[in-house]
Amino acid sequence: MFQGKRLITRGVADTISAEVQMFLWALLDELVAKMAEEPDYLQVFEFSSENGNQTIIHRQESPPYQAIYQFDKVGNPLQHKIYVIDDIEHCTMLLSDEY
């Protein structure tokens, strides 16, 4: 899972830094490595910020999974929801409003 060609949409390319994109791909690779079951084809990353701190909630529906990542004093915190959809041949990262 998440081994197909990795793609990003124009929205992700225009609004999400390459560093953050690479971090999300790394989280997916880590999820695949540690799960006994195959991950859901749809992964959700919710970005929120408060007082300059960044929170990322990574979740999927089946099997249930959630991880929370927090970063202090981020220069430009994000307020987005990002989906990663795996159709086996392609693994596409997109903004929720591009869905």
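Residues numbered from 1 in each chain as written. Predicted model: local features only at pLDDT ≥ 70, side-chain atom pairs only at ≥ 80, totals over all residues. Heavy atoms only, no water.

I'm lost on the sheet that holds strand β5 (residues 81-86) in this one. Help?
Within a sheet, each strand pairs with its neighbour through backbone hydrogen bonds, oriented either parallel or antiparallel. One open sheet accounts for six strands, arranged β1-β6-β5-β2-β3-β4; its pairing is mixed. In the strand order of this sheet, the two ends are held by β1 (5-8) and β4 (65-71), each with one partner. Strand-to-strand twist across the sheet, computed as the mean angle between neighbouring axes with direction ignored, equals 15°. Most of the contacts of helix α2 (residues 18-34) go to strand β2 (residues 42-50), to which it runs at about 130°, and overall it touches β1, β2, β3 (53-60), β4, β5 and β6 (90-95). (Pairing = 2+ DSSP bridges. Helix = DSSP H or I, 4+ residues; strand = E, 2+ residues; numbered from the N terminus. Axes fitted to C-alpha atoms, helices over the stretch in contact; angles between N-to-C directions. Contact = heavy atoms within 4.5 Å.)

Before we go on, may I ask you to explain the confidence of the model for the protein chain in this structure?
Parts of the prediction with low pLDDT should not have their coordinates interpreted in detail. On average, residues of the protein chain carry a pLDDT of 95, and 100% of them reach 70 or more. Mean pLDDT across the secondary structure elements of the protein chain bottoms out at α2, with 95, and peaks at helix α1 (residues 10-15), with 98. (pLDDT = per-residue confidence, 0-100.)

Explanation requested: α2 in the structure shown.
Spanning 17 residues, α2 covers 24 Å between terminal C-alpha atoms, matching the ideal 24 Å at 1.5 Å per step. Along α2, the residues classified as buried are Val-20, Gln-21, Leu-24, Trp-25, Leu-27, Leu-28 and Leu-31. Axial view of α2: buried residues confined to an arc of 150°, hence all on one face. Those residues of α2 that are exposed and angled more than 90 degrees off the buried face are Glu-19, Met-22 and Ala-33. (Expected span 1.5 Å × (residues − 1). Buried < 20%, exposed > 50% of the residue type's maximum accessible area, 1.4 Å probe, protein only. Arc of directions from axis to C-beta.)

Would you mind showing me how to read the nonpolar core here?
Judged by nonpolar contacts, the single largest core of 22 residues is most densely connected at Ile-16, Leu-24, Phe-45, Phe-47, Ile-82, Val-84 and Met-93. Elements with a contribution of two residues or more to this core: α2, β2, β4, β5 and β6. Considering each element in turn, this core owes the most residues, six residues, to α2. Contact partners of Ile-16, with chain neighbours within four places excluded, come to Gly-11, Gln-21, Leu-78, His-80, Ile-82 and Leu-95. (Core = buried A, V, L, I, M, F, W, Y, C linked by side-chain atoms within 4.5 Å.)

Is there a simple way to think about unusual backbone geometry in this case?
Generally, phi is negative for residues other than glycine and the peptide bonds are trans, each holding for most cases. In this structure, the amide linkage connecting Ser-62 to the following residue, Pro-63, adopts the cis form with an omega of -5°. For Pro-63, the location among the structural elements is in the loop between β3 and β4. The phi angle at Lys-73 is positive, at roughly 50°, despite the residue not being glycine. Phi at Ile-88 is positive, roughly 80°, even though this residue is not glycine. Residue position: Ile-88 is located in the loop between β5 and β6.

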